[in-house]
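Listed below are the residues making up each chain.
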Amino acid sequence: MALILAQEPSLLPANLNLERQERLTWDTTEAGGDWNLTVNDQIHIEVSAVLALLEADHKSIIGLLARALGLLNQGDAATAVPLVQAFVVALDRHVAFEDGELAAIHGVAETVSDQSSAILLREHREISQQLTHVKRLLAQNRPDAAQLAVHCRLLSETLTKHHSGEEHNMFPQWEAALMERDEVARIGLLQRAKKALAME
Ligand SMILES: [Fe+2]
Ligand SMILES: [Fe+2]
């Protein structure tokens, strides 16, 4: 939260901080006779960090797949295969984290959240099914570039839609639900997210 104030504002965040159990940090700077006050809530920082990790992981997963697809389209299966393998590991890890840690948590609007969670789990099952075809091809001695490209392209379309829907529909619900959790649960989740969504 950022505010521009006419007077030196140190009492304002100090009072707010008492209400928020000493979890606020703030910066004040003076500019042209006004005071700029920026207040950060530690709870919001932790919750935002989990969602930022998920969003960065979406980009990283799609990036791996795009690089692999580029090579497969050129018929270069040998160079593409390690990238596809890394993509499979990253996607399995991502879906397992969301299913295990986030799918079951309930947002403020419980009925809407239940519906969204059901859609999320269904889409995850579809993604896992599509991924099975890629895993089957990777298990072959010399995977066929054209076949691998077909399944990777399909996954690319599915994932692009899924990530967009998740970021628009699920992220706000997860955020609301996580803000309600106690400090130990939030910090534990953030630590597990950092471990589970380790960047390549
Ligand atoms: Fe997902
Ligand atoms: Fe996701």
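Rules used in this analysis
- Residues numbered from 1 in each chain as written.
- Chains lettered and ligands numbered in written order.
- Predicted model: local features only at pLDDT ≥ 70, side-chain atom pairs only at ≥ 80, totals over all residues.
- Helix = DSSP H or I, 4+ residues; strand = E, 2+ residues; numbered from the N terminus.
- Buried ≥ 20, exposed ≤ 12 C-beta atoms within 10 Å, placed from the backbone.
- Contact = placed C-beta atoms within 7 Å.
- Core = buried A, V, L, I, M, F, W, Y, C linked by C-beta atoms within 7 Å.
- pLDDT = per-residue confidence, 0-100.
- Bend = angle between axes of the 7 residues up to and from the residue.
- Axes fitted to C-alpha atoms, helices over the stretch in contact; angles between N-to-C directions.
- Parallel < 35°, antiparallel > 145°, perpendicular 65-115°, else oblique.
- Left-handed = near helix turned anticlockwise from the far one by under 90°.
- Nonpolar A, V, L, I, M, F, W, Y, C, P; charged D, E, K, R; others polar.

Helix and strand counts for the protein come out as six helices and three strands. The secondary structure elements of the protein, listed N-terminal to C-terminal, are β-α-β-β-α-α-α-α-α. Buried residues in the protein amount to 20% of all 200 residues. Considering only contacts in the protein between residues 6 or more positions apart, those separated by 24 or more positions represent 69%.

Glancing now at the nonpolar core. Leu65, Ala68, Leu72, Val84, Phe87, Leu148 and Cys152 are the most contacted members of the largest nonpolar core, which has 20 residues in total. Mapped by element, the contributors of at least two residues to this core are α2 (42-73), α3 (77-102) and α5 (145-179). No other element matches the eight residues that α3 contributes to this core. Not counting chain neighbours up to four residues away, the residues in contact with Leu65 comprise Phe87, Cys152, Leu155 and Ser156.

In this model, the protein carries a mean pLDDT of 86, and residues with pLDDT of at least 70 account for 88%. Across the protein, the secondary-structure element scoring lowest on mean pLDDT is helix α1 (residues 11-19), at 69, and the one scoring highest is α3, at 95.

Let's shift gears to α5. Taken as a whole, α5 carries its principal kink of about 40° at Met170; the proline Pro172 stands between one and four residues after it. Within α5, the full set of buried residues consists of Leu148, Ala149, Cys152, Leu155, Leu159, Glu166, Met170, Gln173, Trp174 and Leu178.

Here the focus is the packing of α2 against helix α6 (residues 183-196). It is at 10 Å that the axes of α2 and α6 come closest, and there the two elements cross at 25°. The pairing of α2 with α6 is recorded here as roughly parallel in orientation. As for how α2 packs across α6, the hand of that crossing is left-handed. Only Arg186, Ile187, Leu189, Leu190, Ala193 and Lys194 of α6 make contact with α2, whose side of the interface consists of Ile43, Glu46, Val47, Ala49, Val50 and Leu53. Of the residues in the contact of α2 with α6, the class split is nine nonpolar, no polar and three charged.

Along the polypeptide, Leu121 turns up in helix α4 (residues 110-138). Expressed as a C-alpha distance, the spacing of Leu121 and Asp99, which sit 22 residues apart in the sequence, is 7.1 Å. Ignoring anything within four residues of it in the chain, the contact list for Leu121 reads Asp99 and Ala103.

The subject of this paragraph is the packing of α3 against α5. Interaxial distance between α3 and α5 falls to 12 Å at its minimum, and their mutual angle equals 30°. The angle between α3 and α5 falls in the class roughly parallel. The handedness of the crossing between α3 and α5 is left-handed. Here Ala77, Ala80, Val84 and Leu102 of α3 come into contact with α5, specifically with Ala145, Leu148, Cys152 and Trp174.

If you trace the backbone, Asp34 turns up in strand β3 (residues 34-41). Considered as a pair, Asp34 and Glu8 are 26 residues apart in the sequence and their alpha carbons are 8.2 Å apart. With sequence-adjacent residues up to four places away left out, Asp34 is seen in contact with Ile4, Leu5 and Ala6.

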